[in-house]
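# Residue-level structure breakdown
Next come the chains, spelled out residue by residue.
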Amino acid sequence: HLYERRNVTDLVDQSGLLVTEAGVSGFDSGDWMTYTDVWFGSAGDTVRIHFQFSSSTQGPGRIDARLGGVDGVVVGSLSPWNTNGEFVDAAFDIEGAEGLQQLTFTASTSSDVILKWFQLAPACFATNFICLDDDDCCSNSCSANGFCQPPQASAYFVGYQDRGCSGRNELAVTTTPTIEDCAV
């Protein structure tokens, strides 16, 4: 499924890592974990990977996302920071991933990072997806609880239904829908 959140413990293979209920940890240079049947969609559908992780140290750690295995093409990298041991959500951009792939995360340096889950993502989500800021939510907003939420209808959008076409406009004025409104 496109944009499905995956537990990092659902890996199919790994080397050098500690896999527990809490997540995957014990990253040293050269360690890796692999997932199969990861669906990236068509070219341009998936441009980001969201992660939840924790770390207790500020380090130069880096985890690369690779297509095709341990020696595959690097499509993006996560550079974790010190979260004082608290789990936080993060994201990094990726390029060139499409279709059904084998996705491998490799550690290029040692780190005390614990990874919980990852999720492929488009440039922005419409609603009900985890967000880091408003940029992740298209024209919607990132709420305080970290999910994309539509703006309050009374403040920004007015819904309408007329002649079998329903939608919204951004003028906060109820109007008769046009052909362009119905095409969206």
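On a predicted model such as this, the values are computed, not experimentally measured, just so you know. (Residues numbered from 1 in each chain as written. Predicted model: local features only at pLDDT ≥ 70, side-chain atom pairs only at ≥ 80, totals over all residues. Heavy atoms only, no water.)

Counting its secondary structure elements, the protein contains 1 helix and 15 strands. Burial status across the protein gives 39% buried among its 184 residues. Relative to all contacts within the protein whose residues are 6 or more apart in sequence, the contacts with residues 24 or more apart total 62%. Summed over all atoms, the accessible surface of the protein reaches about 9,800 Å², with 48% contributed by carbon and sulfur. (Helix = DSSP H or I, 4+ residues; strand = E, 2+ residues; numbered from the N terminus. Buried < 20%, exposed > 50% of the residue type's maximum accessible area, 1.4 Å probe, protein only. Contact = heavy atoms within 4.5 Å. Areas by Shrake-Rupley, 256 points an atom, 1.4 Å probe, with all protein chains shown as cover.)

So, about the nonpolar core. Counting residues in each nonpolar core, the largest one holds 29 residues, and the members touching the most others are Phe27, Met33, Ile49, Phe51, Leu103, Phe105 and Leu115. Going through the elements one at a time, β5 (32-39), β6 (48-54), β7 (63-67), β8 (73-78), β9 (88-93), β10 (100-107) and β11 (114-121) are the ones with two or more residues in this core. If we ignore the near neighbours within four places in the chain, the residues touching Phe27 are Leu17, Met33, Ile63, Ala107, Thr109, Ser110, Ser111, Val113 and Leu115. (Core = buried A, V, L, I, M, F, W, Y, C linked by side-chain atoms within 4.5 Å.)

Attention now moves to a nonpolar patch on the surface. Together, Leu2, Trp39 and Leu100 line one region of the surface with nonpolar side chains, adding up to about 280 Å² of accessible area. Here Leu2 is to be found in the segment before β1 (5-7). (Patch = residues over 30% accessible without salt bridge, like charges linked within 9 Å, V, L, I, M, F, W, Y side chains within 5 Å. Salt bridge = Lys/Arg side-chain N within 4 Å of Asp/Glu carboxyl O.)

Glancing now at the sheet that holds β8. The 5 strands are arranged β2-β5-β10-β7-β8 in an open sheet whose pairing can be described as antiparallel. Two strands bound the open sheet, and with one partner strand each, they are β2 (13-15) and β8. Neighbour to neighbour, the strand axes of the sheet diverge by 25° on average, direction disregarded. Pairing analysis gives 6 bridges linking β5 to β10, with the strands arranged antiparallel. Across the sheet, residue Tyr35 finds its bridge partner in β10, namely Leu103. (Pairing = 2+ DSSP bridges. Axes fitted to C-alpha atoms, helices over the stretch in contact; angles between N-to-C directions.)

Another point: the side chain of Thr106. Turning to its location among the elements, Thr106 is positioned in strand β10. Looking at Thr106, its side chain comes within polar contact range of the side chain of Arg66, at 3.0 Å. (Polar contact = N/O pair within 3.5 Å; in protein donor to acceptor, adjacent residues only side chain to side chain.)

Right, let's get into the side chain of Arg48. When you line up the elements, Arg48 lands in strand β6. Arg48 sits in the buried class, given a relative accessible area of 16%. A polar atom in the side chain of Arg48 sits 3.2 Å from the side chain of Asp93. Discounting chain neighbours no more than four positions away, the residues touching Arg48 are Ala91, Phe92, Asp93, Ile94, Gln119, Leu120, Ala121, Pro122, Ala123 and Asp136.

So, about the packing of aromatic side chains. This model, assessed by the stated rule, comprises 7 aromatic pairs. Relative to Phe105, the ring of Phe51 lies with its centre 5.1 Å away and its plane at 70°, an arrangement referred to as edge-to-face. With Phe51 in strand β6 and Phe105 in strand β10, this residue pair connects regions lying 54 residues apart in the sequence. Phe105 carries the same exposure label as Phe51, and that label is buried. Geometrically, the ring pair formed by Phe105 and Phe118 is edge-to-face, given 5.2 Å between the ring centres and 65° between the ring planes. Residue Phe105 is located in strand β10, and its partner Phe118 is located in strand β11; the two are separated by 13 residues in the primary sequence. The ring of Trp117 carries Arg5 above its face, with NZ or CZ at 4.0 Å from the centroid. The residue whose ring lies beneath Lys116 is Phe87, and the NZ or CZ to ring-centre distance is 4.4 Å. (Phe/Tyr/Trp six-rings, centres within 6.5 Å; stacked < 30°, edge-to-face > 60°. Lys NZ or Arg CZ within 6 Å of the ring centre and 35° of its normal.)

Low-confidence regions, as indicated by low pLDDT, have predicted coordinates that should not be scrutinised in detail. In the predicted model, the protein carries a mean pLDDT of 79, and the fraction of residues at 70 or more is 75%. Per-residue pLDDT, averaged within each element of the protein, yields its smallest value for helix α1 (residues 179-183) (38) and its largest for β2 (97). Predicted confidence for residues 153-184 stays below pLDDT 50, and this span has 40 contacts to residues more than four positions away or in other chains. (pLDDT = per-residue confidence, 0-100.)

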